[in-house]
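# Structure at a glance
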Amino acid sequence: MSLPDPVMRPDAVDHYVTLLADDGSLPSEAFCLTVVRGLSVTEALTRVDAPPSGRTATLADAGQTSVAAYPDDLPLVVADHLDGWTLLAADNGYHCARAEVVAKLSVGTVAASVYWNVEFDSNLMLAQEGRVLSAFEFIGSAPRSGDRPDAIRPYLEGLTFEDAHAYRFCAEALAFLERLSGVRVPADWSTRDLPAAVIVDPLRFRPPNPRNWLSVDGTDLEPSHEAARRAAERACEAHGVVPDGDLLARAHAEYREALHLRWQRCLPQALPADPVERLQAESRRRHAENGAERAAVARAHAVAATDGSRVADPAEALGWAVYNAIQADRAVNPHQVDLRWVQRLT
């Protein structure tokens, strides 16, 4: 499968400068836009760990909802199918810009992604047939990486990434996506009601370096499957879980339920004009009853503790079991976690 011929429109960069301006229609501070050729919205969302939910949202509302959830995490993505390509967008999201996610999205086809945030982190990536061909930070001078770093060159002709004025860095990155796909993001796109879904990152339940969790609160743990089993059993008993069936699928389903409850709690609402009353209203929403939401998070991690405890390596098994057990406790009581049970694993 060959890469598409570049679609060169002379006004592309200016188009995106307008969309990113203060009165424009795309997020300018932090944004991730990913495109993939030939996949349905359903398939694309599933590949990026966000199975379709049946819900819809505008990009603008999804961004406001994620911000309203802070300090809790609420990763939302909206999707659309335009001219043979599916677009995945996240206001202040990063998941769909990760190399392993873009690579998975590109299996059997072509995908690309652009990301930036307020800290001037950035990434522009092209993938094909499950491999990242080329990637680089477009804000800065990092060299290109990937299996074929120069494969991206035809889509970058004339894009300098040197002029930060008027959002031009980011506008040039979006122009790259247009050149690859031929799809121009419409001016009203962020206000269109589109399929939307929550993202459950697989790393939530199996973070890198599980051995980091073999020393907790001054207690050093000796790796063993027996200790991992006891940590998982204690988590399941504490949070009312019977660990059976496809454990990892159950963990994802429970966590997805929690995110849907959080989504509902944080939907955009009309706020008072008075600044003090506005802050009070936002505080009431942030501290609204969320027991069911937190209980679902706890159940997800308790199930994941059991799943992790069964991997072949005893150090990884214990690390992931302890990590998930602690996250389960933190979900229901984030300000005071009793870790005395860890000492009893020794």
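This text goes with the structure placed above it.
Here's what I pulled together on the structure shown here.

### Focus: the environment of D5
By secondary structure assignment, the location of D5 is in the segment before α1 (12–20). With residues near it in sequence (within four places) discarded, D5 still touches Y155 and R179.

### Digging into the packing of α1 against helix α5 (residues 168–181)
Put simply, α1 and α5 touch, their axes get as near as 8 Å, and they point 125° apart. One way to sum up the angle between α1 and α5 is to call them oblique. Considering how the two elements wind past one another, α1 and α5 form a crossing that is right-handed. Contacts between α1 and α5 involve A12, V13, D14, Y16, V17 and L20 on the former and, on the latter, R168, C170, A171, E172, L174, A175 and E178. Tallied by class, the residues present in the contact of α1 with α5 amount to 9 nonpolar, no polar and 4 charged.

### Topic: the sheet that holds strand β4 (residues 85–91)
Ordered in space as β2-β8-β3-β4-β1-β5-β6-β7, the 8 strands form an open sheet in which the pairing is antiparallel. Two strands close off the open sheet at either side, each with one partner strand: β2 (55–57) and β7 (131–136). On average, each strand axis in the sheet is tilted by 25° relative to the strand beside it, whichever way the strands run. Here strand β1 (residues 31–37) runs beside β4; their pairing, made up of 7 bridges, is antiparallel.

### Side note on the environment of G84
By secondary structure assignment, the location of G84 is in the loop between β3 (76–82) and β4. Accessibility expressed as a relative area gives 33% for G84, which makes it partly exposed. Ignoring sequence-local partners within four residues, the contact set of G84 consists of V36, R37 and G38.

### Topic: the pairing of β4
In summary, the side chains of a regular strand alternate between the two faces of the sheet. β4 sits mainly inside the fold: 6 of its 7 residues count as buried. When β3 meets β4, the two strands line up antiparallel, connected through 5 bridges. Bridging from a neighbouring strand, V78 pairs with A89 of β4.

### Let's talk about unusual backbone geometry
The omega angle of the peptide bond from Y70 to P71 is 10°, so this bond is cis rather than trans. Its place among the elements puts P71 in the loop between α3 (59–69) and β3. In this structure, D49 is a non-glycine residue whose phi angle is positive, near 65°. One can find D49 in the loop between α2 (41–47) and β2. Phi is positive for N92, close to 65°, though the residue is something other than glycine. Tracing the sequence through the fold places N92 in the loop between β4 and α4 (99–105). Note on N92: relative accessible area 56%, which makes it exposed.

So, how was this worked out
- Residues numbered from 1 in each chain as written.
- Predicted model: local features only at pLDDT ≥ 70, side-chain atom pairs only at ≥ 80, totals over all residues.
- Heavy atoms only, no water.
- Helix = DSSP H or I, 4+ residues; strand = E, 2+ residues; numbered from the N terminus.
- Contact = heavy atoms within 4.5 Å.
- Axes fitted to C-alpha atoms, helices over the stretch in contact; angles between N-to-C directions.
- Parallel < 35°, antiparallel > 145°, perpendicular 65-115°, else oblique.
- Left-handed = near helix turned anticlockwise from the far one by under 90°.
- Nonpolar A, V, L, I, M, F, W, Y, C, P; charged D, E, K, R; others polar.
- Pairing = 2+ DSSP bridges.
- Buried < 20%, exposed > 50% of the residue type's maximum accessible area, 1.4 Å probe, protein only.

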